[in-house]
Amino acid sequence: MKRTILAGAVLSTLITAPLAAIIFLANRALNLPFVPTNLMDWLIPIIPGGLITFGIDRMIDLITALDLGRVDTTAKLAEGIMAVFLFMGLSIGVGTLYATFAESLRRIPFTGVIIAVIFAIPLAVVSDYELTGKNAFYSGPSLVARSAWIIGAFAVWGLALQWVWRRWNATPVMDATPSLADTSASASSEPALPPTPAPIKAKVTAIPYQKAQTLSRREFLIRLGGATATITVIGAGLGRLFTSEEEAVAVETPFNFADFPNLASTVVPAPGTRPEYTPLDQHYRIDINSGNPPEIDGEAWRLTFGGLVANPMTFSLAELQNDYEPLNQYVTLSCVSNRIAGRLIGTTGWTGVSMQDVLAKVQPTEEATHLRITSADGFWEVVALDLIREDERVMLCYAWDDQLLQVKHGFPLRIYIPDRYGMKQPKWITEIEAIPEWEEGYWVRRNWDRDAIMKATSVIDTVALDAVFEENGQQYVPIGGIAHAGARSISKVEVQVDGGDWVEAQIREPFSTTTWVIWRYNWPFSDGEHTFAVRCYDGNGELQITETQGSRPSGATGIHTYDI
Ligand SMILES: Nc1nc2c(c(=O)[nH]1)N[C@H]1C(S)=C(S)[C@@H](COP(=O)(O)O)O[C@H]1N2
Ligand SMILES: [Mo]
């Protein structure tokens with residue numbers, strides 16, 4: 001019995017790996033569902049939030065420690081790999097179960113296929129729920145096409161499993177020990193099974209796989225492993241090739257964010273400082289979706305604005321673009337999980353409609369105090385009406401960098417709330433509801449900070465030893481980086497060398513009060529090893545928090561240091 005289970009598990013693994021690869025390929029090439037991440041996304045809300053945060057933290061630790069590249073993309077990849085393991089584990093479990101009972105079920109034809117289909121149906125349901133359950137404007141393949149694909153792919157998997165299992169049991173073990181199937185059958189207490197004490201030879205000839213006799217089990221395993229490894233590698237490799245960038249759709253009246261307002265600034269960034277305006281393909285992406293982000297049909301999409309309002313309304317994307325004065329803002333967005341000197345922060349140009357203009361149309365009633373903003377991925381947040389009324393910069397945003405939002409950044413609509421971490425600012429908005437009192441948002445419910453005001457932080461990006469220059473007989477090395485304090489701006493940046501006095505750095509005029517500043521300090525060079533530290537003051541003259549504290553629950557603080 002034990003050996004049957006082991007053999008069943010090994011053979012199921014060999015059959016399941018190509019299934020995962022082909023599902024991946026079909027996802028990339030034809031946008032068919034990637035069931036592993038659908039399954040994981042379905043499970044995540046069921047797992048306690050603390051465990052997830054812990055998992056994410058350890059993952060970021062690992063990526064940072066091993067220097068595995070961009071934290072956000074590597075984390076998504078790691079989540080995808082975890083999802084594949086979960087998916088494979090479940091499938092292998094089902095395959096092993098089949099192998100264990102195949103003998104007793106052998107009178108039923110196509111047991112492998114039947115079991116596979118019974119397993120695939122709930123997977124198809126979960127996948128559909130994840131893709132369309134919260135996203136009424138899903139733009140991918142139809143339910144029929146998606147279900148047929150998932151069930152069909154599993155049926156083929158079941159057929160393969162059944163064939164492989166029968167073939168395995170028909171294959172003689174070339175040495176003198178009894179075959180695995182024999183051991184299991186004689187060890188089994190199943191009354192329906194006739195005992196099979198016959199010698200191996202007799203058993204083999206009784207099974208109609210004549211060819212099997214020429215292969216030993218070891219040879220069969222090697223051949224099967226070779227075949228499935230080939231399919232897996234080719235499938236996964238082709239899938240990766242299909243990973244294409246989505247097409248950019250320019251807005252009709254671009255603001256021309258690239259005409260930066262500070263071009264005349266005399267403070268030139270130290271070489272090696274990150275770009276002041278983050279290229280879109282380098283802007284971080286963070287959300288609760290381990291696989292593909294919600295795909296929304298922009299034509300069919302409507303924003304529903306209801307609840308405690310005098311005038312409930314729906315808005316199309318075209319209406320938001322054409323019927324309202326566009327608001328263009330340079331914005332630095334940061335994830336609350338960004339560590340000091342982390343890369344989960346970026347600056348780009350945001351275009352949208354002031355929330356005040358929208359409120360003027362829908363007219364919240366007197367009982368309304370907050371808006372609940374709901375997204376197509378099941379994410380939601382709550383924002384106070386008072387905040388909106390006192391800050392016209394709060395906006396419903398449909399474009400970044402003069403282009404309609406990319407899918408991963410929230411197409412067709414996200415909100416901008418100045419001074420708050422990204423966790424307060426839903427992407428893929430489908431619904432806004434005016435409500436009578438404050439409620440927890442998605443991450444607040446998971447014990448993250450209720451207000452999530454961006455902490456003032458400063459970072460050294462570079463000590464540009466290559467760019468050393470001489471002035472009045474002294475050599476200087478440019479040092480530089482960023483500092484930001486949400487929408488409070490930065491009034492001063494100071495640098496400290498080897499624990500000495502804090503010296504003021506130069507600040508380049510920022511794009512706006514809602515973006516980071518680039519700072520620069522020309523360090524009088526001296527030979528040897530040195531440690532540099534940086535600190536900043538926000539626009540109100542308040543020093544950043546200098547105690548080191550992790551991201552959870554309200555954003556990382558502490559002094560960034562840099563050694564040469
Ligand atoms: N619908 C939805 N919106 C979301 C999230 C999400 O998971 N789902 N994540 C938030 C978080 S935690 C951050 S940091 C920002 C990141 O936006 P970006 O991926 O466009 O950089 O999106 C926010 N909006
Ligand atoms: Mo975030």
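Everything in this summary refers to the structure shown in the same document. None of these values were measured; they are calculated from a predicted model.

**Here we look at the overall build of the protein chain**
Looking only at helices and strands, the protein chain features 13 helices and 19 strands. Projected onto the principal axes, the alpha-carbon positions of the protein chain cover approximately 95 × 70 × 40 Å. Long-range contacts, defined as pairs at least 24 residues apart, comprise 75% of the intrachain contacts of the protein chain with a sequence gap of at least 6. For the protein chain, the accessible area works out to roughly 26,100 Å², and carbon and sulfur atoms hold 59% of it. Averaging the locations of the 43 positively and 61 negatively charged side chains of the protein chain gives two centres separated by 15 Å.

**Here's the deal with the site of ligand 1**
Taken together, 20 residues surround ligand 1, and among them Ile288, Asp377, His409, Arg414 and Lys427 come closest. Gln425 is positioned such that a nitrogen or oxygen atom in its backbone is 2.9 Å from a nitrogen atom of ligand 1. Contacts to ligand 1 include Lys427, whose side-chain N or O atom sits 2.5 Å from an oxygen atom. Protein coverage of the free-state accessible area of ligand 1, which is 530 Å², stands at 99%. In the shell around ligand 1, the residues fall into ten nonpolar, five polar and five charged.

**Quick word on the packing of aromatic side chains**
This structure, assessed with the given rule, holds 22 aromatic pairs. Aromatic side chains Trp350 and Tyr416 sit 5.2 Å apart centroid to centroid with 50° between the ring planes, which places their arrangement in the tilted category. Here Tyr416 lies in strand E9 (residues 414–416) and Trp350 lies in strand E4 (residues 345–354), a separation of 66 residues in the sequence. With a relative accessible area of 0%, Trp350 lands in the buried category. Looking at Tyr416, the relative accessible area reads 3%, which means it is buried.

**Re the sheet that holds strand E6 (residues 380–384)**
Strand pairing in a sheet relies on backbone hydrogen bonds, with the paired strands running either antiparallel or parallel. The strand order across the open sheet formed by five strands is E2-E1-E10-E5-E6, and the pairing between neighbours is mixed. In the strand order of this sheet, the two ends are held by strand E2 (313–315) and E6, each with one partner. In this sheet, adjacent strand axes meet at a mean angle of 20° when their direction is disregarded. Here strand E5 (residues 370–375) pairs with strand E10 (residues 429–435) via six bridges, running antiparallel. When the sheet's bridge partners are listed, Leu371 is paired in E10 with Ala434. Its contacts with the sheet put helix H11 (residues 355–362) on strand E1 (303–307), E2, E5 and E10, and the angle it makes with E2 is roughly 140°.

**Quick word on helix H2 (residues 35–43)**
By the criterion of burial, H2 is predominantly enclosed, with seven of the nine residues buried. Buried within H2 we find Val35, Pro36, Thr37, Asn38, Leu39, Met40 and Asp41. Of the surrounding secondary structure, the elements contacted by the buried residues of H2 are helix H1 (2–30), helix H4 (71–101), helix H5 (111–132) and helix H6 (143–170).

**What to know about the sheet that holds strand E14 (residues 490–497)**
Strands sit in the order E15-E14-E18-E19 across an open sheet of four strands; the sheet is antiparallel. Of all the strands in the sheet, the pair left with one neighbour each is strand E15 (502–504) and strand E19 (560–563). Strand-to-strand twist in this sheet, taken as the mean axis angle between neighbours without regard to direction, amounts to 30°.

**Points about a nonpolar patch on the surface**
A cluster of nonpolar residues, Ile108, Phe110, Ile114, Ile118 and Leu159, forms a patch on the protein surface that exposes about 470 Å² of accessible area. For Phe110, the position within the fold is in the loop between H4 and H5.

**Details of the pattern of salt bridges**
Applying the stated rule across the entire model yields 22 salt bridges. Between Asp287 and Lys76 there is a salt bridge, and its shortest N-O distance comes to 3.9 Å. Of this pair, Asp287 sits in the loop between helix H9 (217–241) and E1 while Lys76 is found in helix H4, placing the two residues 211 residues apart along the sequence. There is no split in this pair, since Asp287 and Lys76 are both buried. Residue Arg535 pairs with Glu494 through a salt bridge whose shortest N-O separation is 2.7 Å. Residue Arg535 is found in strand E18 (residues 531–538), and its partner Glu494 is found in strand E14; the two are separated by 41 residues along the sequence. By relative accessible area, Glu494 is classed as buried at 8%. In this structure, a network of salt bridges that share partners links the residues Lys76, Arg285, Asp287 and Lys427.

**Observations regarding the side chain of Gln544**
One can find Gln544 in the loop between E18 and E19. For Gln544, the side chain forms a polar contact with the side chain of Ser458, separated by 2.6 Å. Those residues in contact with Gln544 that sit more than four places away from it in its chain are Ala456, Thr457, Ser458, Val534, Arg535, Cys536, Gly558 and Ile559.

**Quick word on the nonpolar core**
Phe305, Met355, Leu371, Leu396, Tyr398 and Ile432 are the most contacted members of the largest nonpolar core, which has 54 residues in total. The dominant element in this core, judged by the number of residues it contributes, is strand E7 (residues 395–400), at six residues. Three or more residues apiece are contributed to this core by two domains, here domain 1 (2–173 + 216–241) and domain 2 (280–435). Grouped together as the second largest cluster of nonpolar side chains are 34 residues, Phe119, Ala120, Val126 and Trp168 included.

**Considering the pairing of E4**
Successive residues of a regular strand alternate their side chains across the two faces of the sheet. Judged by how many residues are buried, E4 sits mostly within the fold: ten of ten residues are covered. Pairing analysis gives five bridges linking E4 to E7, with the strands arranged antiparallel. Paired with Gly352 across the two strands is Cys397, which belongs to E7.

**What to know about the pairing of E18**
For E18, the buried fraction is high: seven of the eight residues fall into the buried class. Bridge count for E14 against E18 is seven bridges, and the pairing is antiparallel. Bridge pairing in E18 links Lys492 to Tyr537. Inspection of the sheet shows E18 paired to E19 by four bridges, in the antiparallel sense. By the bridge assignment, Phe532 is partnered in E19 with Tyr562.

**Considerations on the packing of H5 against H6**
Remark: H5 packs on H6, axes separated minimally by 8 Å, with the N-to-C direction vectors making an angle of 150°. The angle between H5 and H6 places the two elements in the roughly antiparallel class. For the pair H5 and H6, the crossing hand works out as right-handed. By residue class, the composition of the contact of H5 with H6 is 16 nonpolar, seven polar and three charged.

Here is what the cut-offs are and how they apply
Residues numbered from 1 in each chain as written. Chains lettered and ligands numbered in written order. Predicted model: local features only at pLDDT ≥ 70, side-chain atom pairs only at ≥ 80, totals over all residues. Heavy atoms only, no water. Helix = DSSP H or I, 4+ residues; strand = E, 2+ residues; numbered from the N terminus. Contact = heavy atoms within 4.5 Å. Areas by Shrake-Rupley, 256 points an atom, 1.4 Å probe, with all protein chains shown as cover. Lys, Arg positive; Asp, Glu negative; His and termini not counted. Charge placed at Lys NZ, Arg CZ, Asp CG, Glu CD. Near = heavy atom within 4 Å. Polar contact = N/O pair within 3.5 Å; in protein donor to acceptor, adjacent residues only side chain to side chain. Nonpolar A, V, L, I, M, F, W, Y, C, P; charged D, E, K, R; others polar. Phe/Tyr/Trp six-rings, centres within 6.5 Å; stacked < 30°, edge-to-face > 60°. Buried < 20%, exposed > 50% of the residue type's maximum accessible area, 1.4 Å probe, protein only. Pairing = 2+ DSSP bridges. Axes fitted to C-alpha atoms, helices over the stretch in contact; angles between N-to-C directions. Patch = residues over 30% accessible without salt bridge, like charges linked within 9 Å, V, L, I, M, F, W, Y side chains within 5 Å. Salt bridge = Lys/Arg side-chain N within 4 Å of Asp/Glu carboxyl O. Core = buried A, V, L, I, M, F, W, Y, C linked by side-chain atoms within 4.5 Å. Domains from an automatic or database assignment. Parallel < 35°, antiparallel > 145°, perpendicular 65-115°, else oblique. Left-handed = near helix turned anticlockwise from the far one by under 90°.

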